[in-house]
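Structural overview for review
These are the residues of each chain, in order.
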Amino acid sequence: MSTSPGAGGAADRAGVPGGAAGAPARRAGRPRDPEVDRKVLEAALEVYADLGWAGFNFEAVARRAGVGRPALYRRWLSARALLVDAIERSGTRIDVPDTGSVRDQLVVLARQLLVEYLGARGIAGLRLLVDARTHPEVFADLYARRNEERVRAARAIVRRGIARGELAAGTSPTLVLDAVCGAMLNHALATPDRLRKVVIAGGERYAAELVDLVLQGRPGAG
């Protein structure tokens, strides 16, 4: 699905002052319209999910969002600044309240990941993983920050379960999370587009059966 940048792509994709680690820079000017921001940020994730970094530029995003390119130039200094903003504001943080049950928290985590993986955010996350390796000067820092935060939050769920005695003291958080998160990613990747809504609708049950299989050795044991 990757294509060459459209017209103006080279200028759009110029680096951001302050280097890759800098926060997304925005242009000063008139007050921003939140609705335009929302449409542009959603379109940015969709374009990146569909085309990757090779096809990501202001023209493509503006066309997808249904706004003029000047609206993007007034808000972001470069395509990278726009993409970083879109990814960091896309709600990809792990949000699992501590309910006192490691099983229940892992089910919530698995369900969240399945919904994410089946949408533009999940595909964009996979793109980011690849682009962090092929374009480290552009994306390595962003991916490292995003991944570190998510891994730390997920591992905390397992560690709390160990501390409460729900899991054996020698339980490996890495193995538990590899089994749960990896299975959800595989399930999403194996789902054809025509079945995405069906899979999302049954995600709670699938997540519960998966977690029970990982923790108890059989589905439905919780």
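Please refer to the structure higher up on the page.
All of the points below concern the structure found in this document. (Residues numbered from 1 in each chain as written. Predicted model: local features only at pLDDT ≥ 70, side-chain atom pairs only at ≥ 80, totals over all residues. Heavy atoms only, no water.)

**Observations concerning the side chain of Arg80**
Considering the arrangement of structural elements, one finds Arg80 in helix α5 (residues 79–88). Asp141 is the oppositely charged side chain nearest to the buried, salt-bridge-free Arg80, at an N-O distance of 5.7 Å. (Helix = DSSP H or I, 4+ residues; strand = E, 2+ residues; numbered from the N terminus. Buried < 20%, exposed > 50% of the residue type's maximum accessible area, 1.4 Å probe, protein only. Lys, Arg positive; Asp, Glu negative; His and termini not counted. Salt bridge = Lys/Arg side-chain N within 4 Å of Asp/Glu carboxyl O.)

**With respect to the side chain of Glu116**
Of note, Glu116 is situated in helix α6 (residues 102–117). In terms of polar contacts, Glu116 uses its side chain to reach the side chain of Arg150, at 3.2 Å. (Polar contact = N/O pair within 3.5 Å; in protein donor to acceptor, adjacent residues only side chain to side chain.)

**A word on the nonpolar core**
Ranked by size, the top nonpolar core spans 34 residues in total, and within it Val40, Phe56, Val61, Leu72 and Leu82 carry the most contacts. Broken down by secondary-structure element, the contributors of at least two residues to this core are α2 (34–51), α3 (58–65), α4 (69–73), α5, α7 (120–134) and α8 (136–163). In terms of residues, this core owes the most to one element, α2, which gives nine residues. Each residue touching Leu72, except ones within four places of it in the same chain, is listed here: Val40, Phe58, Val61, Ala62, Val67 and Leu82. (Core = buried A, V, L, I, M, F, W, Y, C linked by side-chain atoms within 4.5 Å. Contact = heavy atoms within 4.5 Å.)

**A look at the pattern of salt bridges**
In the structure shown here, the tally under the stated rule is 19 salt bridges. Between Asp37 and Arg75 there is a salt bridge; the shortest N-O distance is 2.7 Å. Placement of Asp37 in helix α2 and of Arg75 in the loop between α4 and α5 is noted, with a sequence separation of 38 residues between them. Grouping residues by exposure puts Asp37 and Arg75 together as buried. Here Arg63 makes a salt bridge to Glu59, at a shortest N to O gap of 3.6 Å. Taken together, the positions of Arg63 and Glu59, both in helix α3 and four residues apart, correspond to about one turn of that helix. Glu59 sits in the partly exposed class, given a relative accessible area of 25%.

**Some words on the packing of aromatic side chains**
Applying the stated rule across the entire model yields five aromatic pairs. Taking the centre distance of 6.3 Å and the plane angle of 90° together, the rings of Tyr48 and Phe56 count as edge-to-face. Joined through ring pairs, the aromatic side chains of Tyr48, Trp53, Phe56 and Phe139 make up one cluster. (Phe/Tyr/Trp six-rings, centres within 6.5 Å; stacked < 30°, edge-to-face > 60°.)

**Focus: the packing of α8 against helix α9 (residues 173–189)**
Running from N to C, α8 and α9 point in directions that differ by 120°, and their axes come no closer than 9 Å. Regarding α8 and α9, the two cross each other, and that crossing is right-handed. Contact residues: α8 offers Ala154, Arg155, Val158 and Arg159, while α9 offers Pro173, Thr174, Val176 and Leu177. Of the residues in the contact of α8 with α9, the class split is five nonpolar, one polar and two charged. (Axes fitted to C-alpha atoms, helices over the stretch in contact; angles between N-to-C directions. Left-handed = near helix turned anticlockwise from the far one by under 90°. Nonpolar A, V, L, I, M, F, W, Y, C, P; charged D, E, K, R; others polar.)

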